[in-house]
Amino acid sequence: MTKWQSLIHEQIRKERDEATTLLQEWVRHASVSGAEKSIQESIASRLARMGLDVDLWVMGGDELVRHPYFVSPRLTFEESPNVVGVWKGTGGGRSIILNGHVDVVPEGDEAQWTHPPFSGEVVDGKLYGRGATDMKGGNLSSLLAIQVLQALGVKLKGDVIFQSVVEEESGGAGTLATILRGYKADAALIPEPTNMKIFPKQQGSMWFRLLVKGRSAHGGTRYEGVSAIEKSLLVVQAVGQLEKERNDRMTDPLYAKLPIPIPINIGVIEGGKWPSSVADLVKLEGRMGVAPGEQMDDAKAEMEAALRGLAEIDPWFAENPVELEWYGARWVPGSVEEDHPLMEILHKQFVATTGQRAVVEASPWGTDGGLLTALADTPSIVVGPGVTQVAHYPNEYIVLDDIFHCAEIFALTLIEWCEVSEL
């Protein structure tokens, strides 16, 4: 164990109880979309006490809401401020962003929870609560990495920019607002729940809506109508064929363990008004995966072409084409080369901390890292504590040991990436 490993490991051990209490406090803030103000003000106060330059603001304005990458179900954010804290370096080192979101999905049916969803209860080394894994536990790893280095008297050459953002679950408007406010860095770490796997590539995704038309008739003479429900089955098949064709082209080894690297999922189907009438309209809504390195407009064009091709399968679609709308949430894909310097440092510090080699894969879901990579010229890598198999589920939890292992890796990474100026 090196000097830095020993010092950081021991300091994290000393701060473990206080850090656990802090995470409990964060989880007890029910920071669903539109209710993030209390936790953000608490985080801003803590960053200020740590001596960081704190920026707490309510995002908005035409520059944001008219931006082509702006996606949100709302246009006002009075109860959902963003927070950025900058630990200024002495100069001459590389800068880094530590980006995480505080918005959480709703808790759902509380009867399905063994522990109350916003309790922060600790049982057998696991902390329970909505947002514990996705992703307040990861945010704690980032904050603790800074806090530990400060406690050891470390000063870094490069800036460390801690970002606590909103709206990630709805498509990334919070991180977009930080970019428009001018925050960028030489690289970024995003501690989403990867089970400590390192994701240099993140799939993107976007929501779509399809309107399939039919012609109404009485159910007793249904043969005089055209069932939009029956036609929608052909549409679902065409979308499935498109998914197959797109995934057959995927040769990236980082996606080798995923049965469907970039899925197209139809999650909503609605149609018909009356049991004795032929349905004249069916609505399908879904999510289309976008590969790292792929332009979102190119993926859209492939969907449009597949729907036009329906006219060759059934003449009905020549006169009654499926209407396609892109709406709602959208996550930009991101990609960092596997030999990027930050990847090499992460590998090194992962082995130093855990004694094992890190697993490197591609993310099966989108994150705010795509926005940072594409719009802020800030190469972003996703790695963090927690597993996605419990995020958004009842009884969401995070293993506390994983948070502290991640904090140790992050602290060592900051030392090497930003460089130590003085003690």
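Small disclaimer: the values here were computed from a predicted structure and weren't measured.

Chemist: Give me the lowdown on the sheet that holds strand β12 (residues 281-290), citing residues and values where you can.
Modeler: Backbone hydrogen bonds are what pair the strands of a sheet, in a parallel or an antiparallel way. Taking strand neighbours across the sheet as the criterion, the 4 strands line up as β11-β12-β10-β13 in an open arrangement whose pairing is antiparallel. Strands with a single pairing partner mark the edges of an open sheet, and in this sheet they are β11 (264-271) and β13 (323-331). Averaged over all pairs of adjacent strands, the angle between strand axes in this sheet comes to 20°, irrespective of strand direction. Relative to the sheet, helix α7 (residues 296-308) contacts β10 (204-213), β11, β12 and β13, its axis offset from that of β13 by approximately 150°.

Chemist: With reference to specific residues and values, describe the sheet that holds strand β17 (residues 397-399).
Modeler: Across the sheet, 3 strands lie side by side as β4-β5-β17; this open sheet has antiparallel pairing. With partners counted over all chains shown, the strands left at the sheet margins are β4 (122-123) and β17, one partner each. Bridge analysis of β4 against strand β5 (residues 126-128) gives 2 bridges, and the strand direction is antiparallel. Residue V123 lies in a different strand from β5, and its bridge partner there is K126.

Chemist: Any chance you could break down the pattern of salt bridges for me, citing the residues and the numbers?
Modeler: What the rule picks out here adds up to 24 salt bridges. For D55, the salt bridge identified is with R181, shortest N-O distance 2.7 Å. One end of the pair, D55, is in strand β1 (residues 53-57); the other, R181, is in the loop between α5 (173-180) and β8 (188-190), and 126 residues separate them in sequence. Residues participating in the shared-partner salt-bridge network are R209, E270, K283, E285 and E325.

Chemist: Could you give an account of the packing of aromatic side chains, with specific residues and numbers?
Modeler: Tallying each qualifying case throughout the model produces 5 aromatic pairs. Pairing F199 with W365 gives two aromatic rings, centres 5.8 Å apart and planes at 65°, and the pair type is edge-to-face. Here W365 lies in the loop between β15 (360-363) and α11 (369-375) and F199 lies in strand β9 (residues 198-202), a separation of 166 residues in the sequence. The buried category is assigned to F199, whose relative accessible area is 4%.

About the criteria used
Residues numbered from 1 in each chain as written. Predicted model: local features only at pLDDT ≥ 70, side-chain atom pairs only at ≥ 80, totals over all residues. Heavy atoms only, no water. Pairing = 2+ DSSP bridges. Helix = DSSP H or I, 4+ residues; strand = E, 2+ residues; numbered from the N terminus. Axes fitted to C-alpha atoms, helices over the stretch in contact; angles between N-to-C directions. Contact = heavy atoms within 4.5 Å. Salt bridge = Lys/Arg side-chain N within 4 Å of Asp/Glu carboxyl O. Phe/Tyr/Trp six-rings, centres within 6.5 Å; stacked < 30°, edge-to-face > 60°. Buried < 20%, exposed > 50% of the residue type's maximum accessible area, 1.4 Å probe, protein only.

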